Amino acid sequence: MTSPDTPGSAVLRPRLPSPVQEVADSRFERHGVRLVLKRDDLIHPELIGNKWRKLAPNLAAAAGRTLVTFGGAYSNHLRATAAAGRLLGIHTVGVVRGEELAGRPLNPSLTRCTADGMRLHFVDRATYRRKSEPRTLAAILRGTDAEEAYVVPEGGSNAQAVRGCRALGAELHGRADVVAVACGTGGTLAGLAAGLTPGQRALGVPVLKGGFLTAEVRDLQQQAFGGPRGTWSLDDRFHFGGYARVPDELEAFATDFEQRHGLPVERLYVAKLLYGLVTLTGEGAFPRGTTVAAVITGRPFP
């Protein structure tokens, strides 16, 4: 397999650095805050958003081996991994949370995974919760006939991915005071914060409820860099009930943002991030003169 970083892999050539787009929005301007969008959704047409930054170093480390990874039924990470497998000609296996889904018609997200050649393996939720335990992981790999596979954790967040996301922060040097990103497993935030300068800070907006990400981000930075890096914080108020929850209020907000700015807004991550930033700005969380960069990590799934 050709590494994603070599000239022979032109099909995977990313658009880096991703563009920075300023938007005029009265909800920010009236508070003296400038909003810019870091368009990571434009990095690659098939490796969705920040998934490029996480997957590229893991694909290189896999060195052509079958790649096994994990996710829920609507996982952006599973779709991106499946697309990468098709483009690079490597086998992929997606371990999906929810054994009960095995006997049902696939949703559009999982249908796309299989169309891209990913082999799906459904496990019960109790097993899925223990997937990082060595004995459970070994059993899962045996069950998927992939005992020699390269394993990428749920959401793609491991030390390699975190180091890959450090470039996101470096691309924003001198461009923003606060860089905000929606968080699932915390890997993008961990790397982003490490790449920023001392005068910048990163803000994570979790899309899952539970308040567990602080420890996860710290652990990921420990794995990737040997200790904490950068200035970062989390605001847990904008998950709207949990992953894949898009109540009417959030849907209306996203539609309005699309109409204001001509930007397709992905609902599961990006809409929650933008809603959080509008709320925080209205609360006076950012001093006048602050430039806030919102990382657009994906686009709506057709």
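Preceding this paragraph is the structure being described.
All of these numbers come straight from a predicted model, not from anything done at the bench. (Residues numbered from 1 in each chain as written. Predicted model: local features only at pLDDT ≥ 70, side-chain atom pairs only at ≥ 80, totals over all residues. Heavy atoms only, no water.)

Asker: Please provide a residue-by-residue account of the overall build of the chain, values included.
Answerer: Helices and strands together make up the secondary structure of the chain, namely eleven helices and ten strands. On C-alpha atoms alone, the chain measures out to a radius of gyration of 19 Å, which is about the 19 Å that the 2.2 N^0.38 rule sets for 302 residues. Principal-axis analysis of the C-alpha atoms gives the chain an extent of 60 × 40 × 35 Å. Of the accessible surface of the chain, which amounts to about 12800 Å², a share of 50% is contributed by carbon and sulfur atoms. On the chain, the mean spot of the 37 positive side-chain charges and the mean spot of the 29 negative ones are 2 Å from each other. (Helix = DSSP H or I, 4+ residues; strand = E, 2+ residues; numbered from the N terminus. Rg over C-alpha atoms; globule rule 2.2 N^0.38 Å. Areas by Shrake-Rupley, 256 points an atom, 1.4 Å probe, with all protein chains shown as cover. Lys, Arg positive; Asp, Glu negative; His and termini not counted. Charge placed at Lys NZ, Arg CZ, Asp CG, Glu CD.)

Asker: Go over the sheet that holds strand β8 (residues 201-206), please, and point to the residues and values.
Answerer: Strand order in this open sheet of six strands is β1-β2-β10-β7-β8-β9, and the pairing throughout is mixed. Of all the strands in the sheet, just β1 (20-23) and β9 (232-234) have a single pairing partner and so form its edges. The sheet shows a mean angle of 25 degrees between the axes of neighbouring strands, direction not considered. One ladder, built from three bridges, connects β8 with β9; its direction is parallel. The residue bridging G204 from the neighbouring strand is L234, located in β9. Its contacts with the sheet put helix α9 (residues 213-225) on β7 (178-183), β8 and β9, and the angle it makes with β9 is roughly 150 degrees. (Pairing = 2+ DSSP bridges. Axes fitted to C-alpha atoms, helices over the stretch in contact; angles between N-to-C directions. Contact = heavy atoms within 4.5 Å.)

Asker: So what's going on with the pairing of strand β4 (residues 92-97)? Residues and values would help.
Answerer: One face of the sheet, then the other: side chains in a regular strand alternate in exactly this way. Within β4, five of the six residues are buried, leaving the element largely enclosed by the surrounding structure. Note: strand β3 (residues 67-71) against β4, five bridges, orientation parallel. Opposite L67, over in β4, you have T92 as the bridge partner. When β4 meets strand β5 (residues 119-123), the two strands line up parallel, connected through five bridges. Directly across from V95, in β5, lies its bridge partner H121. (Buried < 20%, exposed > 50% of the residue type's maximum accessible area, 1.4 Å probe, protein only.)

Asker: I'd like a description of the packing of helix α3 (residues 76-88) against helix α4 (residues 108-115), backed by residues and values.
Answerer: The contact between α3 and α4 brings their axes to 8 Å, and the two run at 20 degrees. In terms of orientation, α3 and α4 fall into the roughly parallel class. As for how α3 packs across α4, the hand of that crossing is left-handed. Where α3 approaches α4, its residues L78, R79 and A82 are matched on the opposing element by S109, L110, R112 and C113. By residue class, the composition of the contact of α3 with α4 is four nonpolar, one polar and two charged. (Parallel < 35°, antiparallel > 145°, perpendicular 65-115°, else oblique. Left-handed = near helix turned anticlockwise from the far one by under 90°. Nonpolar A, V, L, I, M, F, W, Y, C, P; charged D, E, K, R; others polar.)

Asker: Lay out the packing of aromatic side chains with the relevant residues and their values.
Answerer: Under the criterion given, the structure shown has six aromatic pairs. For the ring pair F70 and Y128, a centre distance of 6.3 Å and an interplane angle of 75 degrees mean the geometry is edge-to-face. One end of the pair, F70, is in strand β3; the other, Y128, is in helix α5 (residues 125-129), and 58 residues separate them in sequence. Exposure remark for Y128: the relative accessible area of 3% places this residue in the buried category. Taken together, a centroid distance of 5.7 Å and an interplanar angle of 65 degrees make the contact between Y243 and Y269 edge-to-face. With Y243 in the loop between β9 and α10 (248-261) and Y269 in the loop between α10 and α11 (270-282), this pair connects stretches of sequence that are 26 residues apart. A residue is classified by how much of its surface remains accessible, and Y243, at 24% relative accessible area, is partly exposed. Through pairs of rings, three or more aromatic residues link up here, namely F238, F240, F253, F257 and Y275. Lying over the aromatic face of F301, R79 brings its terminal NZ or CZ to 3.9 Å of the ring centre. (Phe/Tyr/Trp six-rings, centres within 6.5 Å; stacked < 30°, edge-to-face > 60°. Lys NZ or Arg CZ within 6 Å of the ring centre and 35° of its normal.)

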